[in-house]
Amino acid sequence: MQLLRLCSPIVFLAVASCAASAAPAAPSGNAPPLLQPPSVTDTEPAQQPPASASTAPSAQNAVEALPPGASGPTKATPSKLADFEAIALASNPALARANARVRAAQGKWVQVGLAPNPTAGYAASEIGDEGRAGQQGAVIGQEFVLGGKLDLNRAVAAKELQQAQQQSDAQRQRVINDVRIQFYRVLIAQEKVTLAERLVKIGGQAVDTTERLFKAQDASRADLLQARIESNSARILAENAGNERLSAWRAMAAVIGQPELPLSPVSGELHDGLTKIEWNDALQTVLSMSPEVAIARSEVERARCSLSRAQAEPIPNVDLQLTAQHDNATSDDIVGVQAVFPIPIWNRNQGGISQAQGELAAAASNVSRVELSLQQRLATAYARYANARQQVDHYEKEILPDAQSSLDLVNEGYRQGEFYFLGLLTAQRTYFQMNLAYLDALLQLHESSIEIDGMLLRGSLQSAE
């Protein structure tokens, strides 16, 4: 075996360091409620998704997922955020796809570490020599894989399995984030529908009142026309709010994997889950806990083990064959042994080693790219959060109370004859417009908060390789 000395000693050092990882390791104060519009019923606090269990390379520990469209552990008519999350975790096809890839990676880990099968066959020679049957017998063979290449195969596959589990965890978080965002879109759209319906009712009453006043010559035709304009505008607003609610519901039904789910009311608190977020804390959390960073770092480890495997490739495997024959000419039993192995003179896997070195350098650079990308995306999300937080605070502390006080004063003045009816309509319109703008700001605050707390992961149904 002098031929093995042609191979670099670094290969055996790499086997010792990378083969150790061949067995997969475990992957590393509320704001005040809305002033006038009726509040929706309370809901239970949203449950955080449980931490993913570590995945070992065995069929027993494979991540099981229900097929798309299967019913999950939820009530027949979901209404709370926790209900929709449970359905999504059971039915979202993207999550099922990610879990299936974990099982595929487990199977690969098993396969790449298996030794070659032995061979067996029939051997005959000197047949017909002097009319005899010659030498007849059996041959068995076995290829012996040297250089720790099977252990290195497992080391590479273990890192790929770890990446698959991390990608599954990331997909799970995407699903949870998408469900929460869509839930609050439905909830706030539902509030807008209620608000718009009240405005339509008030507009209709205003038209009736103005018509009576016009007939009694206590109101002008301009007042009547303005009342009708306000009433028709309220109807358009109500129709738009209904369409917005239906659109949000259909999007949520798609995210949870139940596209035919019929429209029904949802119950929740508009201010649940809204906590103050500081930039430095958010940045540190994202960089330290983001699955995207974990996946990038696992890719570095996988590339490092792949380099060790490439360096071990020139170590020749030995193909040993044993023959046992009977010589019909001499009636002797003959045993033969043959050992065959390639001589690494021209092909020492130079290209494969160079490729593995390049992939390792690319993976190391990708970690920094992912971290900078996260910081860039967080900056955008945090700007939306900060703007929405300021708007919500201004609406709750200043604008809505002022709009309420203005409406109360105009109502009282109108009853005492101090204001014309047009002034009352204007005050009502301003009040409801401010409440609608407040709901828009509240939705923006929810979406940005969920995105930041959820490691900036969204788009669970978008293709991600």
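Residues numbered from 1 in each chain as written. Predicted model: local features only at pLDDT ≥ 70, side-chain atom pairs only at ≥ 80, totals over all residues. Heavy atoms only, no water.

Caption draft 1: Local environment of empty space enclosed by the protein. As a volume, the largest cavity reaches approximately 30 Å³. In terms of lining, the largest cavity is formed by Glu126, Asp129, Arg132, Gly134, Asp327 and Ala329. Residue composition of the lining of the largest cavity, grouped by class: one nonpolar, one polar and four charged. (1 Å grid on protein atoms, 1.4 Å probe; cavity = no way out; pocket = protein on both sides within 12 Å on 5 of 7 lines; lining within 4 Å. Points joined across faces, edges and corners; volume = space filled by probe spheres on them. Nonpolar A, V, L, I, M, F, W, Y, C, P; charged D, E, K, R; others polar.)

Caption draft 2: Just the nonpolar core, in detail. In this structure, Phe84, Val179, Phe183, Ile256 and Ile452 are the most contacted members of the largest nonpolar core, which totals 76 residues. Among the elements that take part in this core, helix H8 (residues 350-415) stands out by supplying 18 residues, more than any other. Ignoring sequence-local partners within four residues, the contact set of phenylalanine 183 consists of Ser79, Lys80, Leu81, Phe84, Met252, Val266, Ser267 and Gly268. (Core = buried A, V, L, I, M, F, W, Y, C linked by side-chain atoms within 4.5 Å. Buried < 20%, exposed > 50% of the residue type's maximum accessible area, 1.4 Å probe, protein only. Helix = DSSP H or I, 4+ residues; strand = E, 2+ residues; numbered from the N terminus. Contact = heavy atoms within 4.5 Å.)

Caption draft 3: View of the packing of aromatic side chains. What the rule picks out here adds up to seven aromatic pairs. Between phenylalanine 84 and phenylalanine 183 the ring centres are 6.0 Å apart and the planes differ by 50 degrees, which places this aromatic pair in the tilted class. In this pair, phenylalanine 84 is assigned in helix H2 (residues 81-91) and phenylalanine 183 in helix H4 (residues 149-215), connecting sequence segments 99 residues apart. Taken as a pair, phenylalanine 84 and phenylalanine 183 share a single burial class, namely buried. Between phenylalanine 183 and tyrosine 184 the ring centres are 5.5 Å apart and the planes differ by 85 degrees, which places this aromatic pair in the edge-to-face class. In this pair, the class of phenylalanine 183 matches that of tyrosine 184, namely buried. An aromatic cluster of three or more residues is present, and its members are Phe84, Phe183, Tyr184 and Trp249. Here the basic side chain of arginine 154 rests over the ring of tryptophan 109, its NZ or CZ set 4.1 Å away from the ring centre. (Phe/Tyr/Trp six-rings, centres within 6.5 Å; stacked < 30°, edge-to-face > 60°. Lys NZ or Arg CZ within 6 Å of the ring centre and 35° of its normal.)

Caption draft 4: How the structure looks around a nonpolar patch on the surface. Judged by side-chain polarity, Ile140, Phe144, Leu320, Leu322, Val335 and Val337 come together as a nonpolar surface patch covering roughly 550 Å² of accessible area. Contributing elements (two or more residues each) for the nonpolar patch: strand S2 (135-144), strand S3 (318-327) and strand S4 (332-340). Along the chain, leucine 320 falls in strand S3. (Patch = residues over 30% accessible without salt bridge, like charges linked within 9 Å, V, L, I, M, F, W, Y side chains within 5 Å. Areas by Shrake-Rupley, 256 points an atom, 1.4 Å probe, with all protein chains shown as cover. Salt bridge = Lys/Arg side-chain N within 4 Å of Asp/Glu carboxyl O.)

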